[in-house]
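Report on the structure
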Amino acid sequence: MNKKQKIIKKIAKRAKARLNKVDPATIGAPVKSGYISKAERAKMAALAAAETEGTSVEQADTPTHIA
């Protein structure tokens, strides 16, 4: 294999690797927000649970002030 063939082979390998990184399902999809903290996940889970039960989490989370 001569020098030109080695270079062509390397370029083709890199191009294939780039194509393998692309996920067709995520093209055009909204960008993910990134890391979600444990507390944020707990809030999301509580909201989802409250929606299934039909109760409001906001009322349960608000502190009651005793005068």
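So, here is what we can say about the structure in this document. Every residue gets a number counted from 1 within its own chain, in the order that chain's sequence is written. Totals for whole chains, interfaces and linings use all residues, but because this is a predicted model, local features are given only for residues with pLDDT of at least 70 and pairs of side-chain atoms are given and counted only at 80 or more. Think of the side-chain values as coming from all heavy atoms in the structure, minus any hydrogens and water.

1. Section: the overall build of the chain
For clarity, the threshold we go by: Only DSSP runs of H or I with at least four residues qualify as helices, and only runs of E with at least two residues qualify as strands; both kinds are numbered from the N terminus onward. Categorising residues by exposure relies on relative accessible area from a 1.4 Å probe, with only protein chains included: less than 20% of the type maximum marks a residue as buried, more than 50% marks it as exposed, and the intermediate range marks it as partly exposed. For the accessible areas, the method is Shrake-Rupley and the probe is 1.4 Å, while residue cover comes only from the protein chains on display.
Check the secondary structure of the chain and you find three helices and zero strands. Mapped from its N terminus to its C terminus, the chain presents α and β elements in the order α-α-α. Every one of the 67 residues in the chain was classed for burial, and the buried ones make up 3%. Here the chain has roughly 6800 Å² of accessible surface; of this, 60% comes from carbon and sulfur atoms.

2. Some thoughts on helix 2 (residues 38–53)
Using the following cut-off: By this rule, a helix spans an expected 1.5 Å times one less than how many residues it contains.
Here helix 2 contains 16 residues, and its C-alpha end-to-end distance of 22 Å stays within 8% of the 22 Å for a straight helix at 1.5 Å per residue. A positive phi of about 90° marks G54, the residue just after helix 2.

3. Concerning a positive patch on the surface
Quick reminder of the rule: Patch membership requires more than 30% relative accessible area and the absence of a salt bridge. Residues of like charge join within 9 Å; the nonpolar side chains Val, Leu, Ile, Met, Phe, Trp and Tyr join within 5 Å. Think of a salt bridge as a Lys or Arg side-chain nitrogen and an Asp or Glu carboxyl oxygen that are within 4 Å of each other. Working convention for charge: Lys and Arg count positive, Asp and Glu count negative, and His plus the chain ends are omitted. To locate a charge, the coordinates of NZ of Lys, CZ of Arg, CG of Asp or CD of Glu are taken.
Taken together, K10, R14, R18 and K21 make up a surface patch of like positive charges. By the secondary structure assignment, R18 is in helix 1 (residues 3–21). Given the relative accessible area of 55%, R18 is considered exposed.

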